[in-house]
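Residue-level structural notes
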Amino acid sequence: MKDSLMPGVSKVRRIIVDSDRTVAFMGERGRVYATPELCRDIEHTCREALLDHVSPEEDSVGIEIMVRHSAPTLPGMEVSITATVTNVEGRKVSFDVVAADELEPIGTGKHVRFIVDREKTYGASCQQSDQ
């Protein structure tokens, strides 16, 4: 872990809500951004925020997430997810997260990740991935 990892570090990730990110159980006309997909996108944003501040031998795993998904987002709309480091306690890193679409804020949350040694966690033959 680098000295640059400290409270205030942030990352903004923009995604387009495609069909795979929507709920299907309400039919085609009822498709909106699914809460589990928002959670996944939050985790990816926080992980990406950490990658610039850890060594190539390190990665992170999510250990806690709390999300309030407060407004629907239609397919094709852009969502911006902003993750900001609020606390670094050893290898445990906490984030505040805000998500907004083109019209309004759609959610807030908190996420905690733990920085791990890639070889110890994934094995000697691990490859760095986007997940």
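Note: the structure precedes this text.
A brief look at the structure comes next. (Residues numbered from 1 in each chain as written. Predicted model: local features only at pLDDT ≥ 70, side-chain atom pairs only at ≥ 80, totals over all residues. Heavy atoms only, no water.)

1. Re the environment of Glu119
Turning to its location among the elements, Glu119 is positioned in helix H2 (residues 118-122). Relative accessible area serves as the criterion here: at 53%, Glu119 is assigned to the exposed category. A C-alpha to C-alpha distance of 21 Å links Glu119 and Leu5, two positions 114 residues apart in sequence. (Helix = DSSP H or I, 4+ residues; strand = E, 2+ residues; numbered from the N terminus. Buried < 20%, exposed > 50% of the residue type's maximum accessible area, 1.4 Å probe, protein only.)

2. Brief notes about the pairing of strand S4 (residues 92-100)
Bridge count for strand S3 (residues 78-89) against S4 is 9 bridges, and the pairing is antiparallel. Looking at S4, one finds that Ile81 is bridged to Ala99. Connecting S3 to the next strand, S4, in antiparallel fashion are 2 residues, including Gly90 with a positive phi near 65°. Summarising the sheet, S4 and strand S5 (residues 105-117) pair through 9 bridges and their orientation is antiparallel. Opposite Lys92, over in S5, you have Phe114 as the bridge partner. (Pairing = 2+ DSSP bridges.)

3. Re the environment of Arg31
As for its placement among the helices and strands, Arg31 is situated in the loop between strand S1 (10-16) and helix H1 (35-51). A relative accessible area of 14% means that Arg31 is categorised as buried. Separated by 26 residues in the primary sequence, Arg31 and Leu5 place their C-alpha atoms 38 Å from one another. For Arg31, the contacting residues outside a window of four places in its chain are Ser19, Thr22, Val23, Ala24, Leu74 and Pro75. At 3.5 Å, the side chain of Arg31 forms a polar contact with the backbone oxygen of Ser19. A polar contact of 2.7 Å, which involves the side chain of Arg31, links it to the side chain of Thr22. (Contact = heavy atoms within 4.5 Å. Polar contact = N/O pair within 3.5 Å; in protein donor to acceptor, adjacent residues only side chain to side chain.)

4. A few points about the sheet that holds S4
Spatially, S1-S3-S4-S5-S2 is the arrangement adopted by the 5 strands of the open sheet, whose pairing is antiparallel. Every other strand in the sheet has two partners, leaving S1 and strand S2 (58-69) as the edge strands with one partner each. When the angles between neighbouring strand axes are averaged without regard to direction, this sheet yields 25°. Across 11 bridges, the pairing between S2 and S5 is antiparallel. Residue pairing in the sheet places Ile65 in a bridge with His111 of S5. Contacting S1, S2, S3, S4 and S5, H1 runs over the sheet at an angle of about 140° to S2. (Axes fitted to C-alpha atoms, helices over the stretch in contact; angles between N-to-C directions.)

5. So, the pattern of salt bridges
Under the counting rule described, the total for this entry stands at 11 salt bridges. Here Arg13 makes a salt bridge to Asp41, at a shortest N to O gap of 3.6 Å. Of this pair, Arg13 sits in strand S1 while Asp41 is found in helix H1, placing the two residues 28 residues apart along the sequence. Across the pair Asp41 and Arg40 runs a salt bridge, and its minimum N-O distance is 3.7 Å. By relative accessible area, Asp41 is classed as buried at 0%. Take Arg40: its relative accessible area is 35%, and that puts it in the partly exposed class. Where salt bridges share partners, they join Arg13, Asp18, Arg21, Glu37, Arg40, Asp41 and Glu48 into one cluster. (Salt bridge = Lys/Arg side-chain N within 4 Å of Asp/Glu carboxyl O.)

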